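Single-letter residue listing:
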Amino acid sequence: MKFRILTCATLIALLALLALPTRCLAKEQKLPHYTVIDLGTLGGTFSVAFGINNRGAVVGDSTLSGDTILRGFFWQKGSMTDLGTLGGLNSSAESAFSDLNQIGGASETSALDPNAEDFCAFGTDLTCHPFLWQKGVQTALPTLGGTNGLVTQVNNLGVAVGNAETATVDNDCLAPQVLDWKPVFWYQGKVHELPTLDGDTVGTALVVNDLGLMAGATRQSCAVHAPHPVLWQYGKIVKLGSLGGARGSVGEINNWGQIVGWSDLAGDTTSHAYLWQQFTGMIDLGTLPGDVSSSGYGINDLGRIVGSSCDSDGNCRAVLWQGSAMTDLNTLIPPDSTLYLLEATGGINNLGQIAGYAYDTVSGEIHPFLLNPCDRNCARQSRDLRNSLPRARPQLPDNLRQLLQQRKQRRASRKL
């Protein structure tokens, strides 16, 4: 695969990155405290954040009124915008996006999928195309000859990554899937296929940093759902390994090439968050006490990591890894907040702002949140209030916990 089209932009970004002070990688031990903003919804009762940029803007998905239609959203300075569609009913803003507010995702068209694959798991038979959105305009991107595809992330150089179907019919696919799909990146409107690991045939590029390093997962076949985390660098593909199990994936890559995600442990009955670095390989980040699984969703250029830690019943809490310590983010926000932070799916930017989704203990709804680091007075007030208002971990209603698990499965089924 040729990466020459990115060479000049990559060198410029590399020179800028090398100018960063070395303290960026230092382990800061003092934990921050945060104020919390409820980002709301597009009219429904369910909304989740999937990305945050360095300007503090957030993207994600939200149901409309009635909770039957899902739309990607863009939130900035207190206002949530519906990203619309390419003619169909549903769309999704998949992950992190550029500081120029260029957003990628997947959107239904008005055309029926001739293979009825439900590729983007919206529950319809409409085709689902990869798109870029900027300044109110949603633009479809090309595939590799197949019908469907999706964008998972966009960097500040205008490089988008994701997957795209080919025209190859694979008889080994499990219904309703018919066509193979490949990991790809788009640059200046053109699609470029990325290699898969030897022995793997399908895959998805999930994240890309500003140096053009890309990471994602490839799979043995259309029928075997056991993704292997990988890195694409300098035209080559590198297997990231595992924590002992057969499956894993990628959550984010920062501009130092550090990668976070999740990997199954031996036996494939549970998974843990990991940090992968070039010279250390994959490091198990563990869980909070009493929990059995965790996931890494974001890492910024200071090395701070966010994600979730979950118990055996699927009750999760958003967490922050700083240095070698993992902390429940609910202990770092005002305890009188009505939001209980479930997962930091939106990641963390270089300002330390964190996005994800929370359980509103008053309305019983799922809403996206934005955490802003606060000053010393704010932190002291939060600690004082915490001493008088200790916060218990809520047990989500069964129907809501099942809904969250279904949403995760739907998202994971998008050819990861």
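Further up the page is the structure itself.
First, a word on what this report is: a plain description of the structure on this page. Just so it is clear, the model here is predicted, and its values are computed rather than measured. Numbers given for residues are sequential positions, taken from 1 along each chain in its written order. With pLDDT at 70 or above as the cut-off, local features in this predicted model cover only qualifying residues; side-chain atom pairs require 80 or more to be listed or tallied, and sums for whole chains, interfaces and linings still use all residues. Side-chain metrics in this entry use all non-hydrogen atoms of the structure; hydrogen atoms and water are not considered.

A look at the overall build of the chain
- A tally of helices and strands in the chain yields 3 helices and 28 strands.
- Contact between two residues is taken to exist if any of their heavy atoms lie within 4.5 Å; hydrogens are not considered. Contacts in the chain between residues far apart in sequence, at least 24 positions, make up 49% of those at least 6 positions apart. Under the DSSP-based scheme used, a helix requires at least four consecutive residues in state H or I and a strand at least two consecutive residues in state E, with every element numbered from the N terminus.

As for the nonpolar core
- Among the nonpolar cores identified, the biggest contains 15 residues, and Tyr34, Leu329, Leu341, Ile354, Phe369 and Leu371 are the most heavily contacted of them.
- When contributions to this core are tallied by element, the ones reaching two or more residues are β24 (316-322), β26 (339-348), β27 (354-360) and β28 (366-373).
- Looking at this core, the element that brings in the most residues is β26, giving 4 residues.
- With residues near it in sequence (within four places) discarded, Phe369 still touches Val36, Ile37, Leu39, Leu339, Leu341, Glu343, Ala344, Ile354, Ala355, Gly356, Tyr357 and Ala358.
- In this text, buried Ala, Val, Leu, Ile, Met, Phe, Trp, Tyr and Cys residues form a nonpolar core when linked through side-chain atoms within 4.5 Å. A 1.4 Å probe rolled over the protein chains alone gives each residue an accessible area, and that area as a share of the maximum for its type sets the label: buried under 20%, exposed over 50%, partly exposed in between. By size, the runner-up hydrophobic cluster in this structure holds 14 residues, among which are Leu206, Val207, Ala215 and Met282.

A closer look at unusual backbone geometry
- The peptide bond linking Ala175 to Pro176 adopts the cis configuration, its omega dihedral lying at 10 degrees.
- Even without being glycine, Lys77 reaches a positive phi, approximately 50 degrees.
- By secondary structure assignment, the location of Lys77 is in the loop between β4 (70-76) and β5 (79-82).
- Judged by its relative accessible area of 79%, Lys77 is exposed.
- Backbone geometry at Ala116 places phi at a positive 50 degrees, although glycine is not the residue there.
- Mapping Ala116 onto the fold places it in the loop between β7 (103-112) and β8 (126-134).
- A residue is classified by how much of its surface remains accessible, and Ala116, at 32% relative accessible area, is partly exposed.

A few points about the packing of aromatic side chains
- Each Phe, Tyr or Trp ring (for Trp, its six-membered ring) is paired with any other whose centre lies within 6.5 Å, and the angle between the two planes then decides the class: stacked below 30 degrees, edge-to-face above 60, tilted in between. Overall, the coordinates contain 2 aromatic pairs when judged by the stated rule.
- Ring plane angle 90 degrees and centroid distance 6.2 Å describe the contact between Phe74 and Phe97, whose orientation is recorded as edge-to-face. Of the two residues, Phe74 is situated in strand β4 and Phe97 in the loop between β6 (87-93) and β7; the sequence distance between them amounts to 23 residues.
- Residue Phe74 is classed as buried on the basis of its relative accessible area of 8%.
- A relative accessible area of 5% places Phe97 in the buried class.

Description of the sheet that holds strand β25 (residues 325-328)
- Think of it this way: DSSP has to see at least two bridges between two strands before they count as a pair. One open sheet holds the 4 strands; their spatial order is β22-β23-β24-β25, and the pairing between them is antiparallel. Lying at the two open borders of the sheet, with one neighbouring strand each, are β22 (293-299) and β25. Here the average twist between neighbouring strands, direction ignored, is 30 degrees.
- Sheet analysis places strand β23 (residues 305-310) next to β24, joined by 6 bridges and oriented antiparallel. From the neighbouring strand, Cys310 faces β24, where its bridge partner is Cys316. The convention used is that axes are lines fitted to C-alpha atoms, helices contributing only their stretch in contact, and that angles between N-to-C directions extend from 0 to 180 degrees.

Some words on the side chain of Asn163
- Within the secondary structure layout, Asn163 lies in strand β11 (residues 160-169).
- Among the polar contacts listed, one links the side chain of Asn163 to the side chain of Thr204, at a separation of 2.9 Å. In protein, a polar contact means a hydrogen-donor-capable atom and an acceptor-capable atom, both N or O and within 3.5 Å, with residues adjacent in sequence counting only if both atoms are side-chain atoms; elsewhere, any N or O pair within 3.5 Å suffices.

Quick look at the pairing of β5
- Bridge analysis of β4 against β5 gives 4 bridges, and the strand direction is antiparallel. For Trp75, the partnering residue across the bridge sits in β5 and is Met80.
- The antiparallel pairing of β4 with β5 creates a hairpin that spans 2 residues between the two strands, and Lys77 there sits at a positive phi of about 50 degrees.

A short note on the pairing of strand β15 (residues 214-219)
- Counting buried positions over the 6 residues of β15 gives 6, a clear majority of the element.
- Both faces of β15 are covered, namely the face carrying Met214, Gly216 and Thr218 and the face carrying Ala215, Ala217 and Arg219.
- Alignment of strand β14 (residues 202-208) against β15, held across 6 bridges, turns out to be antiparallel. Looking at β15, one finds that Gly203 is bridged to Thr218.
- Between the antiparallel neighbours β14 and β15 lie 5 residues, among them Gly212 with a positive phi of about 85 degrees.
- Summarising the sheet, β15 and strand β16 (residues 228-233) pair through 5 bridges and their orientation is antiparallel. Looking at the pairing, Ala215 lines up with Leu231 of β16.

Details of the environment of Asn90
- Within the element layout of this structure, Asn90 appears in strand β6.
- Placed 22 residues apart in sequence, Asn90 and Thr68 show a C-alpha to C-alpha distance of 9.4 Å.
- A polar contact of 2.8 Å, which involves the side chain of Asn90, links it to the backbone nitrogen of Leu70.

Brief notes about the sheet that holds β15
- The strand order across the open sheet built from 4 strands is β14-β15-β16-β17, with neighbouring strands paired in antiparallel fashion. The open sheet is flanked by β14 and β17 (236-239), the only strands paired with a single partner. In this sheet, adjacent strand axes meet at a mean angle of 30 degrees when their direction is disregarded.

Section: the state of the cysteines
- For the purposes of this analysis, a disulfide is any pair of cysteine sulfur atoms at a distance within 2.5 Å. A complete count under the given rule lists 3 disulfides for this structure.
- Two residues share a disulfide in this structure: Cys310 and Cys316, whose sulfurs sit 2.0 Å from each other. For the disulfide bridge between Cys310 and Cys316, the dihedral angle about the S-S bond is near 100 degrees, and by the sign convention the bridge is right-handed. Note on accessibility: Cys310 and Cys316 belong to one class, buried.

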